[in-house]
Amino acid sequence: QVQLVESGGGLVQAGGSLRLSCAASGRTFSNYAMGWFRQAPGKEREFVTAISYTGGSTYADPVKGRFTISRDNAKNTLYLQMNSLKPEDTAVYYCAARWGYYSANTEDYVYWGQGTQVTVSS
(Lines give C-alpha, C1' and ligand atoms only; values in the text may rest on other atoms or scores of the structure.)
Protein backbone atom coordinates (compact mmCIF):
# COMPACT_ATOMS: atom_id res chain seq x y z
CA GLN A 1 0.00 0.00 0.00
CA VAL A 2 1.07 3.56 -0.74
CA GLN A 3 -0.63 6.50 0.89
CA LEU A 4 -0.51 9.83 -0.92
CA VAL A 5 -1.37 13.27 0.47
CA GLU A 6 -1.33 16.37 -1.73
CA SER A 7 -0.87 19.91 -0.49
CA GLY A 8 -0.06 23.36 -1.82
CA GLY A 9 -3.19 24.18 -3.75
CA GLY A 10 -4.91 27.53 -3.51
CA LEU A 11 -6.14 30.61 -5.29
CA VAL A 12 -3.74 32.47 -7.56
CA GLN A 13 -4.04 35.12 -10.24
CA ALA A 14 -3.34 34.33 -13.87
CA GLY A 15 0.37 34.45 -14.53
CA GLY A 16 1.20 33.41 -10.99
CA SER A 17 2.87 30.30 -9.63
CA LEU A 18 2.12 27.50 -7.20
CA ARG A 19 4.05 24.47 -6.06
CA LEU A 20 2.14 21.34 -5.20
CA SER A 21 3.55 18.61 -3.01
CA CYS A 22 2.58 14.98 -2.65
CA ALA A 23 3.83 13.20 0.44
CA ALA A 24 4.04 9.43 0.12
CA SER A 25 4.14 6.79 2.83
CA GLY A 26 4.03 3.03 2.89
CA ARG A 27 6.04 1.15 0.30
CA THR A 28 9.40 2.32 -1.03
CA PHE A 29 8.62 5.57 -2.80
CA SER A 30 11.69 5.44 -5.02
CA ASN A 31 10.44 2.26 -6.72
CA TYR A 32 7.27 3.88 -8.05
CA ALA A 33 6.52 6.00 -11.06
CA MET A 34 4.50 9.04 -10.06
CA GLY A 35 2.01 11.16 -11.93
CA TRP A 36 -0.01 14.32 -11.60
CA PHE A 37 -3.53 14.43 -12.99
CA ARG A 38 -6.23 17.06 -12.80
CA GLN A 39 -9.99 17.22 -13.02
CA ALA A 40 -11.99 20.33 -13.76
CA PRO A 41 -15.72 20.56 -12.97
CA GLY A 42 -17.76 18.61 -15.48
CA LYS A 43 -14.69 17.15 -17.18
CA GLU A 44 -12.87 13.86 -17.03
CA ARG A 45 -9.66 13.47 -15.12
CA GLU A 46 -6.74 14.24 -17.40
CA PHE A 47 -3.03 13.61 -17.43
CA VAL A 48 -0.70 16.48 -16.55
CA THR A 49 2.76 15.02 -16.09
CA ALA A 50 4.59 11.95 -14.81
CA ILE A 51 8.04 10.95 -13.66
CA SER A 52 9.68 7.56 -13.58
CA TYR A 53 11.63 6.12 -10.69
CA THR A 54 14.79 6.99 -12.66
CA GLY A 55 13.76 10.63 -13.06
CA GLY A 56 12.61 10.61 -16.67
CA SER A 57 9.49 12.68 -17.22
CA THR A 58 6.77 13.49 -19.71
CA TYR A 59 4.24 16.32 -19.95
CA ALA A 60 0.86 16.94 -21.50
CA ASP A 61 1.05 19.53 -24.27
CA PRO A 62 -1.02 22.21 -22.45
CA VAL A 63 1.51 22.42 -19.61
CA LYS A 64 4.80 21.96 -21.43
CA GLY A 65 7.20 24.76 -20.66
CA ARG A 66 5.12 25.95 -17.71
CA PHE A 67 4.98 23.01 -15.28
CA THR A 68 7.87 21.01 -13.87
CA ILE A 69 7.60 17.69 -12.08
CA SER A 70 10.28 16.55 -9.66
CA ARG A 71 10.75 14.08 -6.86
CA ASP A 72 12.85 13.85 -3.72
CA ASN A 73 13.19 10.19 -2.91
CA ALA A 74 14.93 10.94 0.39
CA LYS A 75 11.86 12.88 1.52
CA ASN A 76 9.31 10.56 -0.15
CA THR A 77 7.82 13.61 -1.82
CA LEU A 78 6.66 14.48 -5.31
CA TYR A 79 6.43 18.07 -6.50
CA LEU A 80 4.71 20.00 -9.24
CA GLN A 81 5.99 23.50 -9.90
CA MET A 82 3.37 25.43 -11.86
CA ASN A 83 4.34 28.72 -13.47
CA SER A 84 2.50 31.10 -15.79
CA LEU A 85 -0.80 29.73 -14.57
CA LYS A 86 -3.90 30.22 -16.68
CA PRO A 87 -7.59 30.13 -15.74
CA GLU A 88 -7.90 26.89 -17.70
CA ASP A 89 -5.48 25.28 -15.24
CA THR A 90 -8.21 25.50 -12.59
CA ALA A 91 -8.93 21.97 -11.35
CA VAL A 92 -8.47 19.52 -8.53
CA TYR A 93 -4.95 18.15 -8.85
CA TYR A 94 -4.23 14.55 -7.89
CA CYS A 95 -0.99 12.68 -7.50
CA ALA A 96 -0.87 8.98 -8.29
CA ALA A 97 1.60 6.11 -8.08
CA ARG A 98 2.23 2.96 -10.06
CA TRP A 99 4.83 0.25 -10.11
CA GLY A 100 7.11 0.40 -13.11
CA TYR A 101 7.54 3.08 -15.73
CA TYR A 102 5.36 6.16 -15.97
CA SER A 103 2.10 6.26 -17.89
CA ALA A 104 -0.31 8.94 -19.07
CA ASN A 105 -3.32 6.70 -18.50
CA THR A 106 -5.33 7.09 -15.32
CA GLU A 107 -6.25 3.41 -15.31
CA ASP A 108 -2.58 2.42 -15.03
CA TYR A 109 -2.22 4.03 -11.61
CA VAL A 110 -3.12 2.08 -8.51
CA TYR A 111 -2.69 4.60 -5.71
CA TRP A 112 -4.25 8.05 -5.60
CA GLY A 113 -4.26 11.00 -3.26
CA GLN A 114 -7.37 12.90 -2.24
CA GLY A 115 -6.58 15.91 -4.42
CA THR A 116 -5.87 19.58 -3.85
CA GLN A 117 -7.82 22.45 -5.42
CA VAL A 118 -6.05 24.92 -7.68
CA THR A 119 -8.03 27.97 -8.75
CA VAL A 120 -6.60 30.51 -11.18
CA SER A 121 -8.45 33.79 -11.47
CA SER A 122 -8.37 35.94 -14.58
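Scroll up to find the structure.
Attention here is on the structure that accompanies the text.

The rules behind these values
- Residues numbered from 1 in each chain as written.
- Predicted model: local features only at pLDDT ≥ 70, side-chain atom pairs only at ≥ 80, totals over all residues.
- Heavy atoms only, no water.
- Disulfide = S-S within 2.5 Å.
- Helix = DSSP H or I, 4+ residues; strand = E, 2+ residues; numbered from the N terminus.
- Buried < 20%, exposed > 50% of the residue type's maximum accessible area, 1.4 Å probe, protein only.
- Contact = heavy atoms within 4.5 Å.
- Pairing = 2+ DSSP bridges.
- Axes fitted to C-alpha atoms, helices over the stretch in contact; angles between N-to-C directions.
- Lys, Arg positive; Asp, Glu negative; His and termini not counted.
- Salt bridge = Lys/Arg side-chain N within 4 Å of Asp/Glu carboxyl O.
- Polar contact = N/O pair within 3.5 Å; in protein donor to acceptor, adjacent residues only side chain to side chain.
- Phe/Tyr/Trp six-rings, centres within 6.5 Å; stacked < 30°, edge-to-face > 60°.
- Lys NZ or Arg CZ within 6 Å of the ring centre and 35° of its normal.

Topic: the state of the cysteines
So, point 1. Applying the stated criterion across every chain yields a total of 1 disulfide.
So, point 2. The disulfide partner of Cys 22 is Cys 95, and the S-S distance across this bridge is 2.0 Å. Across the S-S bond linking Cys 22 and Cys 95, the dihedral sits near 55 degrees, which makes this disulfide right-handed. Separated by 73 residues along the polypeptide, Cys 22 in strand S3 (residues 18-26) and Cys 95 in strand S9 (residues 91-99) bring together distant segments of the chain. With respect to class, Cys 22 is no different from Cys 95; both count as buried.

Some remarks on the environment of Ser 122
So, point 1. Of note, Ser 122 is situated in the segment after strand S11 (116-121).
So, point 2. Note: C-alpha distance between Ser 122 and Asn 105 (17 residues apart in sequence) is 30 Å.
So, point 3. With residues up to four places along the chain from it excluded, the contact list for Ser 122 reads Ala 14 and Pro 87.

Here we look at the sheet that holds strand S1 (residues 2-7)
Each strand in a sheet pairs with another by means of backbone hydrogen bonds, the pair being arranged parallel or else antiparallel.
So, point 1. As summarised here, the arrangement of the 4 strands in space is S1-S3-S8-S7, forming an open sheet in which the pairing is antiparallel. On the outer flanks of this sheet lie S1 and strand S7 (67-72), each paired with one strand and no other. Direction aside, neighbouring strands of the sheet carry axes that sit 15 degrees apart on average.
So, point 2. Pairing geometry for S7 and strand S8 (residues 77-82), over 6 bridges, is antiparallel. Each residue of the ladder has a partner; that of Ser 70, found in S8, is Tyr 79.

A short note on the side chain of Arg 98
So, point 1. As for its position among the elements, Arg 98 is in strand S9.
So, point 2. Of the buried charged residues, Arg 98 lacks a salt bridge, with Asp 108 as the closest side chain of opposite charge at 4.8 Å.
So, point 3. Only 2.3 Å separates the side chain of Arg 98 from the backbone oxygen of Tyr 101, close enough to count as a polar contact.
So, point 4. Excluding residues that lie within four positions of it along the chain, Arg 98 makes contacts with Tyr 32, Ala 33, Ser 103, Asp 108 and Tyr 109.

Focus on the packing of aromatic side chains
So, point 1. Summed over all chains, the structure comprises 8 aromatic pairs.
So, point 2. Centroid distance Tyr 32 to Tyr 111: 6.2 Å. Interplanar angle 75 degrees. Geometry classified as edge-to-face. In this pair, Tyr 32 sits in strand S4 (residues 32-39) while Tyr 111 sits in strand S10 (residues 111-112), placing the two residues 79 residues apart along the sequence. Residues Tyr 32 and Tyr 111 agree in their burial class; the two are buried.
So, point 3. Each member of the aromatic cluster is reached from another via a ring pair, and the members are Phe 37, Phe 47, Tyr 94, Tyr 109 and Trp 112.
So, point 4. A cation sits over an aromatic face here: Arg 45 above Tyr 94, 3.7 Å from the ring centre.
So, point 5. If you follow Arg 45 out to its NZ or CZ, it ends over the ring of Trp 112, 4.8 Å from the centre.

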